[in-house]
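Residues per chain, in single letters:
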Amino acid sequence: MNKEQLMTEARSVLTNTYSPYSQFPVAAALLLKDGTVIKGVNVENVSFGATNCAERTAIFTAITNGYKKGDFEAIAVAGDTDDFLPPCSICRQVMAEFFEPSMPVYLTNKAGDIKELALKQLLPFAFTELDM
Ligand code: THU
(Lines give C-alpha, C1' and ligand atoms only; values in the text may rest on other atoms or scores of the structure.)
Protein backbone atom coordinates (compact mmCIF):
# COMPACT_ATOMS: atom_id res chain seq x y z
CA MET A 1 0.00 0.00 0.00
CA ASN A 2 1.44 3.40 -1.00
CA LYS A 3 1.15 6.69 0.87
CA GLU A 4 -1.76 7.92 -1.26
CA GLN A 5 -3.74 4.76 -0.53
CA LEU A 6 -2.99 4.94 3.20
CA MET A 7 -4.05 8.59 3.26
CA THR A 8 -7.30 7.63 1.51
CA GLU A 9 -7.88 5.08 4.28
CA ALA A 10 -7.39 7.82 6.88
CA ARG A 11 -9.72 10.21 5.04
CA SER A 12 -12.40 7.52 4.90
CA VAL A 13 -13.10 7.95 8.63
CA LEU A 14 -12.70 11.73 8.82
CA THR A 15 -16.48 12.09 9.15
CA ASN A 16 -16.50 9.71 12.16
CA THR A 17 -14.58 11.96 14.54
CA TYR A 18 -16.19 13.09 17.78
CA SER A 19 -14.98 16.69 17.75
CA PRO A 20 -17.91 18.91 18.85
CA TYR A 21 -15.72 21.20 20.98
CA SER A 22 -12.91 21.99 18.56
CA GLN A 23 -14.74 21.35 15.28
CA PHE A 24 -11.31 20.09 14.19
CA PRO A 25 -11.63 16.60 12.72
CA VAL A 26 -8.51 14.43 12.51
CA ALA A 27 -8.21 10.86 11.27
CA ALA A 28 -5.31 8.43 11.14
CA ALA A 29 -4.59 5.17 9.34
CA LEU A 30 -1.89 2.89 10.68
CA LEU A 31 -0.36 0.33 8.30
CA LEU A 32 0.91 -2.89 9.87
CA LYS A 33 3.65 -5.00 8.31
CA ASP A 34 1.09 -7.78 7.68
CA GLY A 35 -0.90 -5.37 5.48
CA THR A 36 -3.65 -4.66 8.00
CA VAL A 37 -4.81 -1.04 8.27
CA ILE A 38 -6.13 0.22 11.61
CA LYS A 39 -7.92 3.56 11.64
CA GLY A 40 -8.50 6.07 14.40
CA VAL A 41 -10.23 9.42 14.90
CA ASN A 42 -10.06 12.10 17.54
CA VAL A 43 -12.57 11.55 20.33
CA GLU A 44 -13.12 14.66 22.42
CA ASN A 45 -14.55 15.13 25.90
CA VAL A 46 -16.30 17.96 27.69
CA SER A 47 -13.40 17.97 30.17
CA PHE A 48 -11.09 18.68 27.19
CA GLY A 49 -8.22 16.86 28.94
CA ALA A 50 -9.81 13.45 28.35
CA THR A 51 -9.66 13.98 24.59
CA ASN A 52 -7.87 11.30 22.59
CA CYS A 53 -6.17 12.17 19.32
CA ALA A 54 -6.69 10.22 16.11
CA GLU A 55 -3.14 8.87 16.05
CA ARG A 56 -3.33 7.51 19.58
CA THR A 57 -6.75 6.00 18.93
CA ALA A 58 -5.24 4.03 16.02
CA ILE A 59 -2.08 3.02 17.92
CA PHE A 60 -3.96 1.93 21.04
CA THR A 61 -6.42 -0.06 18.91
CA ALA A 62 -3.48 -1.84 17.25
CA ILE A 63 -2.02 -2.72 20.64
CA THR A 64 -5.45 -3.88 21.80
CA ASN A 65 -5.57 -6.17 18.77
CA GLY A 66 -2.27 -7.81 19.70
CA TYR A 67 0.22 -5.92 17.54
CA LYS A 68 3.63 -5.20 19.06
CA LYS A 69 6.55 -2.86 18.65
CA GLY A 70 8.17 -3.87 15.35
CA ASP A 71 4.87 -4.62 13.61
CA PHE A 72 4.31 -1.09 12.31
CA GLU A 73 5.04 0.08 8.76
CA ALA A 74 3.65 3.63 8.34
CA ILE A 75 0.99 6.04 9.59
CA ALA A 76 -1.07 8.62 7.69
CA VAL A 77 -2.72 11.58 9.42
CA ALA A 78 -5.57 13.42 7.68
CA GLY A 79 -7.30 16.70 8.34
CA ASP A 80 -8.70 19.62 6.41
CA THR A 81 -6.04 22.17 7.26
CA ASP A 82 -4.40 24.72 4.96
CA ASP A 83 -0.93 23.55 5.96
CA PHE A 84 0.22 19.99 6.64
CA LEU A 85 -1.41 18.84 9.88
CA PRO A 86 1.37 17.87 12.31
CA PRO A 87 0.84 15.29 15.07
CA CYS A 88 0.68 16.77 18.54
CA SER A 89 3.64 16.23 20.85
CA ILE A 90 1.86 13.67 23.03
CA CYS A 91 1.17 11.58 19.92
CA ARG A 92 4.80 11.91 18.84
CA GLN A 93 5.87 10.53 22.23
CA VAL A 94 3.43 7.60 21.88
CA MET A 95 4.73 6.98 18.35
CA ALA A 96 8.29 6.87 19.75
CA GLU A 97 7.20 4.13 22.16
CA PHE A 98 6.18 1.78 19.36
CA PHE A 99 7.60 2.96 16.01
CA GLU A 100 11.15 2.76 14.68
CA PRO A 101 12.82 6.21 14.37
CA SER A 102 12.87 5.74 10.57
CA MET A 103 9.15 4.98 10.30
CA PRO A 104 7.33 7.14 7.73
CA VAL A 105 4.66 9.52 8.97
CA TYR A 106 2.51 10.90 6.14
CA LEU A 107 0.90 14.31 6.63
CA THR A 108 -1.60 16.04 4.39
CA ASN A 109 -3.48 19.28 3.86
CA LYS A 110 -6.87 20.12 2.43
CA ALA A 111 -5.37 20.41 -1.06
CA GLY A 112 -4.44 16.73 -0.77
CA ASP A 113 -0.66 17.17 -0.91
CA ILE A 114 1.26 14.57 1.09
CA LYS A 115 4.44 15.23 3.05
CA GLU A 116 6.52 12.28 4.25
CA LEU A 117 8.64 12.62 7.38
CA ALA A 118 10.49 10.03 9.39
CA LEU A 119 9.41 9.88 13.03
CA LYS A 120 12.93 10.96 14.06
CA GLN A 121 12.41 14.21 12.10
CA LEU A 122 9.21 14.89 14.04
CA LEU A 123 10.75 13.91 17.37
CA PRO A 124 14.55 14.11 17.48
CA PHE A 125 16.40 13.10 20.66
CA ALA A 126 13.35 11.14 21.84
CA PHE A 127 12.91 9.90 25.39
CA THR A 128 12.55 6.13 24.85
CA GLU A 129 14.13 4.36 27.81
CA LEU A 130 14.66 4.75 31.54
CA ASP A 131 18.11 3.17 31.53
CA MET A 132 20.20 6.23 30.62
N1 THU B 1 -5.79 16.29 17.29
C2 THU B 1 -5.54 15.03 16.81
O3 THU B 1 -6.43 14.18 16.77
N4 THU B 1 -4.28 14.77 16.40
C5 THU B 1 -3.25 15.66 16.44
O6 THU B 1 -2.10 15.27 16.37
C7 THU B 1 -3.57 17.08 16.57
C8 THU B 1 -4.77 17.33 17.42
C9 THU B 1 -7.15 16.61 17.74
C10 THU B 1 -7.29 16.72 19.23
C11 THU B 1 -8.51 17.61 19.35
O12 THU B 1 -9.65 16.80 19.27
C13 THU B 1 -8.47 18.49 18.10
O14 THU B 1 -7.56 17.84 17.21
C15 THU B 1 -7.99 19.90 18.37
O16 THU B 1 -6.78 19.92 19.04
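Quick summary incoming for the structure in this document. (Residues numbered from 1 in each chain as written. Predicted model: local features only at pLDDT ≥ 70, side-chain atom pairs only at ≥ 80, totals over all residues. Heavy atoms only, no water.)

This brings us to the sheet that holds strand β4 (residues 104-108). On the basis of which strands lie adjacent, the open sheet formed by five strands has the order β2-β1-β3-β4-β5 and mixed pairing. Strands at the two margins of the open sheet, each flanked by one partner only, are β2 (37-41) and β5 (114-118). Across the sheet, the axes of successive neighbouring strands diverge by a mean angle of 20°, strand direction being ignored. In this sheet, strand β3 (residues 72-79) lies alongside strand β1 (residues 26-32) in antiparallel orientation, the contact comprising seven bridges. Pairing of Ala 28 across the sheet is with Val 77, part of β3. Packing against the sheet, helix α1 (residues 3-11) makes contact with β1, β2, β3, β4 and β5, and its axis sits at approximately 55° to β3. (Pairing = 2+ DSSP bridges. Helix = DSSP H or I, 4+ residues; strand = E, 2+ residues; numbered from the N terminus. Axes fitted to C-alpha atoms, helices over the stretch in contact; angles between N-to-C directions. Contact = heavy atoms within 4.5 Å.)

Judged by nonpolar contacts, the single largest core of 25 residues is most densely connected at Leu 30, Ile 59, Phe 72, Ile 75, Met 95, Phe 99 and Val 105. Ignoring anything within four residues of it in the chain, the contact list for Phe 72 reads Leu 30, Leu 31, Leu 32, Lys 33, Ala 62, Ile 63, Tyr 67, Phe 98, Phe 99 and Met 103. In this structure, Leu 6, Ala 29, Ala 74 and Tyr 106 belong to the second largest nonpolar core, which totals nine residues. (Core = buried A, V, L, I, M, F, W, Y, C linked by side-chain atoms within 4.5 Å. Buried < 20%, exposed > 50% of the residue type's maximum accessible area, 1.4 Å probe, protein only.)

Attention now goes to the pattern of salt bridges. Opposite charge on two side chains permits pairing when their charged atoms draw close. Using the criterion set out here, one finds four salt bridges in the structure. Measuring nitrogen to oxygen at the nearest pair gives 2.7 Å for the salt bridge that ties Asp 82 to Lys 110. Taken together, the residues Asp 82 in the loop between β3 and α3 (89-98) and Lys 110 in the loop between β4 and β5 connect sequence positions 28 residues apart. Each member of the pair Asp 82 and Lys 110 is classed as exposed. (Salt bridge = Lys/Arg side-chain N within 4 Å of Asp/Glu carboxyl O.)

Attention now goes to helix α2 (residues 54-64). What α2 keeps buried is the set Ala 54, Glu 55, Arg 56, Thr 57, Ala 58, Ile 59 and Ala 62. The secondary structure elements touched by the buried residues of α2 are β1, β2, β3 and α3. Of the residues one or two after α2, Gly 66 is the one with positive phi, at around 100°.

Look at Phe 48: it is not a glycine, yet its phi comes out positive at around 65°. If you trace the backbone, Phe 48 turns up in the loop between β2 and α2. Its relative accessible area of 58% is what places Phe 48 among the exposed residues. One non-glycine residue with positive phi stands out, namely Phe 125, at about 50°. Overall, the relative accessible area of 85% leaves Phe 125 in the exposed class.

The packing of two helices is summarised by the inter-axis angle and the distance between the axes. The interhelical angle for the contact between α2 and α3, taken along N-to-C directions, is 25°, at an axis separation of 9 Å. Here α2 lies roughly parallel to α3, going by the angle between them. Our pair here, α2 against α3, has a crossing hand that is left-handed. The segment α2 lies against α3, with Glu 55, Arg 56, Ile 59, Phe 60 and Ile 63 engaging Ile 90, Cys 91, Val 94, Met 95 and Phe 98. Here the contact of α2 with α3 is built from residues that sort into eight nonpolar, no polar and two charged. (Parallel < 35°, antiparallel > 145°, perpendicular 65-115°, else oblique. Left-handed = near helix turned anticlockwise from the far one by under 90°. Nonpolar A, V, L, I, M, F, W, Y, C, P; charged D, E, K, R; others polar.)

Worth remembering: the numbers are spatial, not functional.
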